[in-house]
Amino acid sequence: MSSGSKTDKQKAARNGASRQGGAPADAASAQGGAYPRDFASTQERIVPMRLQKFLARAGAASRRGSEALMTAGRVTVNGQVVTELGSKVDPAVDVVAVDGAVVTLSDTPVTLMLNKPSGYVTTMSDPHARHTVAELVPCERYPGLFPIGRLDQDTTGLLLFSTDGDLANRLLHPRHHVDKTYRALVKGVPGTAALCRLRDGVVLEDGATAPARVRMLASEPQDAPGTARVELVIHEGRKRQVRRMCEAVGHPVLRLHRASFGPLELGGLELGSWRLLDSEELAALGKAAGLAC
Ligand code: URA
């Protein structure tokens, strides 16, 4: 059932290094006891479990994504296609597969952050053969890793990845109001009226945006005349939301960077590098996602 011994996984976690910096991730948590929900210790209580929950826990996709895999007929249990969302499996005996590849529960979920460079699409595989974020994170070392939410191809900054579908689901659920901080270079210099509109909520084609915290960082910086740097803190996660908000108030985004996600900040992580979250960050993230520590 398990895809590797706990010792192997802990060793892998300890040896994790950023692909650019190359420094060992000494600060990275060994993921075991420090993780807010130690899966291994709860295993007995969740057998048998709903198939979509199993898939999410195994990192096949988020909970909703797992349901979509099932209804699309891509999931088999002991060789039989299962599309019924209420179906249960016993992880100790049932063999679950997605598109023919066996999926197993890992006893130590892994969560990491990437400082995403521009030019990479947020997907683990792309039918159009564009560069994807999968090229930048250790997919082979941590099977089942997937991005939590997305950044546009041209957006840089903090992108989280996890093998824990439940954590991802919770972090992305609007109920949890997880703040994301963006720094935008915009065309022109927004005046008070434009800043107020951004703060109060802008009407977009998919509805008005929730109130945001917005502040001007620099007006007409020396290296970019005719522009301004603006910081926006939003908790929604709609497609191209910041770009559409700024466009709607007459100041299109020229560059966009995500500096923080909930309690997490990039710190000194270099563009294109990743690192495992440490135990404090995991606990803070779990709290932000509404998980008891
Ligand atoms: N808002 C955007 O417009 N783009 C992103 O990548 C993230 C938030």
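So, here's what we can say about the structure. All of these numbers come straight from a predicted model, not from anything done at the bench.

Right, let's get into the sheet that holds strand β3 (residues 80-81). Spatial strand order, β3-β2-β5-β6: four strands in an open sheet with antiparallel pairing. Each of the sheet's edge strands pairs with one partner strand only, and the pair in question is β3 and β6 (101-103). Pairing of strand β5 (residues 96-98) with β6, which is carried by three bridges, proceeds in the antiparallel orientation. The residue bridging V96 from the neighbouring strand is V103, located in β6.

Turning next to the pairing of strand β7 (residues 111-116). Across the six residues of β7, six count as buried, placing the element largely inside the fold. Alternating positions in β7 separate into two faces, T111, M113 and N115 on one and L112, L114 and K116 on the other, with burial throughout. Relative to strand β9 (residues 156-162), β7 runs antiparallel, the two sharing six bridges. In the strand pairing of β9, L114 is matched with L159.

Here the focus is the site of the ligand. As a matter of local geometry, the ligand sits amid L151, D152, T155, Y182, R240, Q241, V242, R243 and L256. R240 has a polar backbone atom sitting 3.3 Å from an oxygen atom of the ligand. Between the ligand and V242, the relevant distance is 3.2 Å, taken from a nitrogen atom to a main-chain nitrogen or oxygen of the residue. Protein contacts shield 96% of the accessible area of the ligand, which totals 230 Å² for the unbound molecule. For the shell around the ligand, the leading source of residues is helix α7 (residues 241-248), giving three residues. Class assignment of the residues belonging to the shell around the ligand gives a composition of four nonpolar, two polar and three charged.

Note that A97 resides in strand β5. A sequence separation of 18 residues divides A97 from G79, and the C-alpha atoms of the two residues are 8.0 Å apart. Every residue in contact with A97, bar those within four places of it in the chain, is listed here: R74, V75, T76, V102 and V103.

As a further point, take the nonpolar core. With 34 residues, the main nonpolar core has L112, F161 and L232 as its most contacted residues. Elements supplying a minimum of two residues to this core: β7, β9, β10 (180-187), α6 (192-200), β14 (227-234), α7, β15 (253-261) and β17 (274-276). In terms of residues, this core owes the most to one element, β14, which gives four residues. For F161, the residues in contact, after removing those within four places along its chain, are V110, T111, L112, L114, M124, V133, V137, L145, F146, P147 and I148. A168, L171, A289 and L291 belong to the second-largest nonpolar core, a separate cluster that totals 18 residues.

Criteria and thresholds
Residues numbered from 1 in each chain as written. Predicted model: local features only at pLDDT ≥ 70, side-chain atom pairs only at ≥ 80, totals over all residues. Heavy atoms only, no water. Pairing = 2+ DSSP bridges. Helix = DSSP H or I, 4+ residues; strand = E, 2+ residues; numbered from the N terminus. Buried < 20%, exposed > 50% of the residue type's maximum accessible area, 1.4 Å probe, protein only. Near = heavy atom within 4 Å. Polar contact = N/O pair within 3.5 Å; in protein donor to acceptor, adjacent residues only side chain to side chain. Areas by Shrake-Rupley, 256 points an atom, 1.4 Å probe, with all protein chains shown as cover. Nonpolar A, V, L, I, M, F, W, Y, C, P; charged D, E, K, R; others polar. Contact = heavy atoms within 4.5 Å. Core = buried A, V, L, I, M, F, W, Y, C linked by side-chain atoms within 4.5 Å.

Fair warning: the whole summary comes from geometry, so function is off the table for now.
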